[in-house]
Amino acid sequence: MTIELQDYEPIVGPSRIGEIRALGRHLQGVRMLHVNSTAVGGGVAEILRRMIPLLREAGIDARWEVLEGDADFYRTTKSFHNGLQGLPVRVADAELEHYLEVNARNAARLPLDAEVLLIHDPQPAALIHHRHERSGTWIWRCHIDAATPSRPLWRFLGPIVAGYDASIWSMPQFTRPLPHHQFLVHPSIDPLAEKNRDLEPEEIEAVLDRLQLPRDLPFVLQVSRFDRFKDPVGVIHAWRLASRYVPCRLVLVGGEATDDPEGAEVIAEVRAAAGDDPLVHVLLLPPTADLEINALQRAAAVVLQKSTREGFGLTVSEAMWKGKPVIGGATGGITVQILDGITGFLVHSVDGAAYRIRQLLSQPDRAHKMGERARALVRERFLITRHLLDYLALVQAVRTGSDDVIAL
Amino acid sequence: MTVHPFVLYDAHALRMATGRNAANLRELLTALREVDAAVLRHHLFRFPLDPAYDFSAFGHEFAYWAEAGLQDAVLAERLGNFDPYDNPESEALRAALLEIVEDHLMASHHVPWARPGSELYFQRSMLVAYPTGVEATDLPGLRDAVAQASRGAIYYHFFEARTRLDVRSDDFSAWIEGSLGLHDLAAAIRRIDFPALRIEDVRDAVAQLLTEAAA
């Protein structure tokens, strides 16, 4: 089913859709090319799949192309990804050569003559080496926290990225010093996606039945990869402290660690910390379990994202969109989504998380009001419609130049 | 007499990183001396477009950060009472902010720090303003336009206009006075004490005055 702008109107209101259409009228027919590295899986492909038709409906002649690479190329760019996030990585000269070759091959194949080119993440970044007189403004969209990259890697990637006319980052904290405008665009969630759409009570009940989750007590939920930075063991300790005062269950949801040795270790630590407590449920769900996650977030009384280090952490907005007060670690993008004490609580310790769990479970009215404010904030700030408006304004800005105010 | 229509614009701010942040009051002071005027203008004038504005006791981001980041209530109050619209010329803004922060720092026994995660990241922004297609040629038409205007539209015509127009006015009262000759109504709209109000509250206050005048 094709989703259109008007489908979002009941969700975000006519004013936001009017803004999109009004700005789009000034951008009719502008050719825009997005290039990323995968057509399926991952947050970037997920958002582009929905974003491209909406950009087109707004008037932009938007296209989306996917880089073609081999297994060696993707192994190298996986190292880039880790290295940009600060892990010490060594990439051999031959691998770097191959990376440049794959980009050169793709440059010959792709139509790089758009007015605005948005190149996502490091995999296709070297396409910039093949810009020609017919290609317009090149913008690099970095979806990663690259504030403290591996130095040898940045010595290679830095000059490539510096060749762009501008870049886009999710947070100011994630940026690197670069000689061009660095725009800030938060990522977004799609309220019509399976993971976020409204569910009927029977759909929620059916999922809880399937997952064999008793409804005798309210439950506290964390949905996250089993990764030490998400502190799932800390969540168990916090729940244990809180549940002495307010009886509740704990549901920890994450993926199966099929190709991640550290993930398997963390799952073992989580199971050890949970022991045989019947009130703790550790669920390993496949990446396709969007409906299940949606239902769990809607059924939860309180949602946690107790990360000690985080990228943007869009699972926070997912839960907030479902009207849940979220208790989040004060790190990364969580601090933008949770206005402390207003749309949720920011915490710095296990004790802090435990205290806030108790508060929210014992004051359902307060939790409800906080959840309503959380949903309103996501509607204004973290839905795909705001993201779309950012992209339209960006296209307008790069066409017009860099004034403080651009009045059309 | 031909009345030029009031053209309702919408506006969307594109934020840009500067690569600079402050974790304590001394770093804020140094940055206030050194950053581009566009950075000062962003934090002083574009804060109403930030969701945190709705929950802030203060009208600009430096005061908000003093309270929420540095947790320094006295500094927050002093900065909060500073009205950047009083003289929006860039170097006057810088001088006024420096005066408050230097004075406070000299009187402090310690330098307040923000907790990790609560640093102030200096930014600048471009405001893209575009006609919505809605135009008004009389008071009821303007009232209807205002009542349905988005946050961006109210920001552009009411808040941003005060830094754009030579006179201390917003676009609504300027048009009401210039095109309709309704001086008292224009003065009443200009008197709205907006730094204390949410954008929606400003919209409702203007719409209320227009409704009463059109009745």
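Residues numbered from 1 in each chain as written. Chains lettered and ligands numbered in written order. Predicted model: local features only at pLDDT ≥ 70, side-chain atom pairs only at ≥ 80, totals over all residues. Heavy atoms only, no water.

Here the focus is helix 3 (residues 61–68) of chain B. Within helix 3 of chain B, burial applies to Glu61, Phe62, Ala63, Trp65 and Ala66 of chain B. Elements that come into contact with the buried residues of helix 3 of chain B comprise strand 1 (6–22), helix 1 (25–34), helix 2 (37–45), helix 4 (73–80), helix 5 (90–107) and strand 2 (120–136) of chain B. (Buried < 20%, exposed > 50% of the residue type's maximum accessible area, 1.4 Å probe, protein only. Helix = DSSP H or I, 4+ residues; strand = E, 2+ residues; numbered from the N terminus. Contact = heavy atoms within 4.5 Å.)

Our next topic: the pattern of salt bridges. Tallying each qualifying case throughout the model produces 42 salt bridges over all chains. Residue Lys195 of chain A pairs with Glu318 of chain A through a salt bridge whose shortest N-O separation is 3.4 Å. Remark: Glu318 of chain A occurs in helix 11 (residues 315–321) and Lys195 of chain A occurs in the loop between strand 6 (181–184) and helix 7 (201–210); sequence separation between them is 123 residues. Looking at Lys195 of chain A, the relative accessible area reads 18%, which means it is buried. Arg228 of chain A is the salt-bridge partner of Glu265 of chain A, the closest N and O atoms lying 3.1 Å from each other. Taken together, the residues span a long stretch of sequence, with Glu265 of chain A in helix 9 (residues 261–274) and Arg228 of chain A in the loop between strand 7 (219–223) and helix 8 (232–243) at a distance of 37 residues. For Arg228 of chain A, a relative accessible area of 36% translates into the label partly exposed. The structure contains a network of salt bridges with shared partners spanning Arg16, Glu19 and Glu380 of chain A together with Asp54, Arg151 and Glu200 of chain B. (Salt bridge = Lys/Arg side-chain N within 4 Å of Asp/Glu carboxyl O.)

Let us look at the pairing of strand 11 (residues 326–329) of chain A. Residues and elements named next belong to chain A. With burial as the criterion, each face of strand 11 is covered, one bearing Val326 and Gly328 and the other bearing Ile327 and Gly329. Both strand 10 (residues 302–305) and strand 11 contribute to a ladder of 3 bridges, which runs parallel. Across the sheet, Val303 pairs through a bridge with Val326, a residue of strand 11. Following the chain from strand 10 across helix 11 to the adjacent parallel strand 11, one finds a crossover that is right-handed. Note that strand 11 and strand 12 (residues 344–347) share 4 bridges and pair parallel. Looking across to strand 12, one finds that Gly328 is bridged to Leu346. (Pairing = 2+ DSSP bridges. Right-handed = clockwise from strand over helix to strand, strands pointing away.)

Let us now look at the domain arrangement of chain A. Quite often, the size of an interface is put as the accessible area lost when its parts meet. Residue and element names in this part refer to chain A. On domain assignment, one finds that chain A holds domain 1 (5–188 + 383–400) and domain 2 (201–381). Measuring from the centre of the C-alpha atoms in domain 1 to the corresponding centre in domain 2 gives 31 Å. Tallying the contact residues gives 14 residues for domain 1 and 13 residues for domain 2. Both faces combined, the contact of domain 1 with domain 2 buries some 1,100 Å², and carbon together with sulfur accounts for 59% of it. (Domains from an automatic or database assignment. Buried area = accessible area lost by both parts, 1.4 Å probe.)

On to the packing of helix 1 (residues 5–12) of chain A against helix 2 (residues 14–24) of chain A, then. All names here are of chain A. In contact at an axis separation of 7 Å, helix 1 and helix 2 are set at 140° when each is read in the N-to-C sense. Only Pro14, Arg16, Ile17, Ile20 and Arg21 of helix 2 make contact with helix 1, whose side of the interface consists of Leu5, Gln6, Tyr8, Glu9 and Val12. Of the residues that constitute the contact of helix 1 with helix 2, the class distribution is 6 nonpolar, 1 polar and 3 charged. (Axes fitted to C-alpha atoms, helices over the stretch in contact; angles between N-to-C directions. Nonpolar A, V, L, I, M, F, W, Y, C, P; charged D, E, K, R; others polar.)

Residue and element names in this part refer to chain A. Reading across from one edge, 9-8-7-10-11-12 is the order of the 6 strands in this open sheet, with parallel pairing throughout. Across the chains shown, the open sheet's two edge strands, defined by having one partner strand only, are strand 9 (280–284) and strand 12. Between one strand and the next, the sheet's axes are offset by a mean angle of 20°, whatever the strand orientation. With respect to the sheet, helix 10 (residues 290–299) is in contact with strand 7, strand 8 (249–254), strand 9 and strand 10, its orientation differing from that of strand 7 by roughly 140°. Here helix 13 (residues 350–362) sits on the sheet in contact with strand 7, strand 10, strand 11 and strand 12, set at roughly 165° to strand 12.

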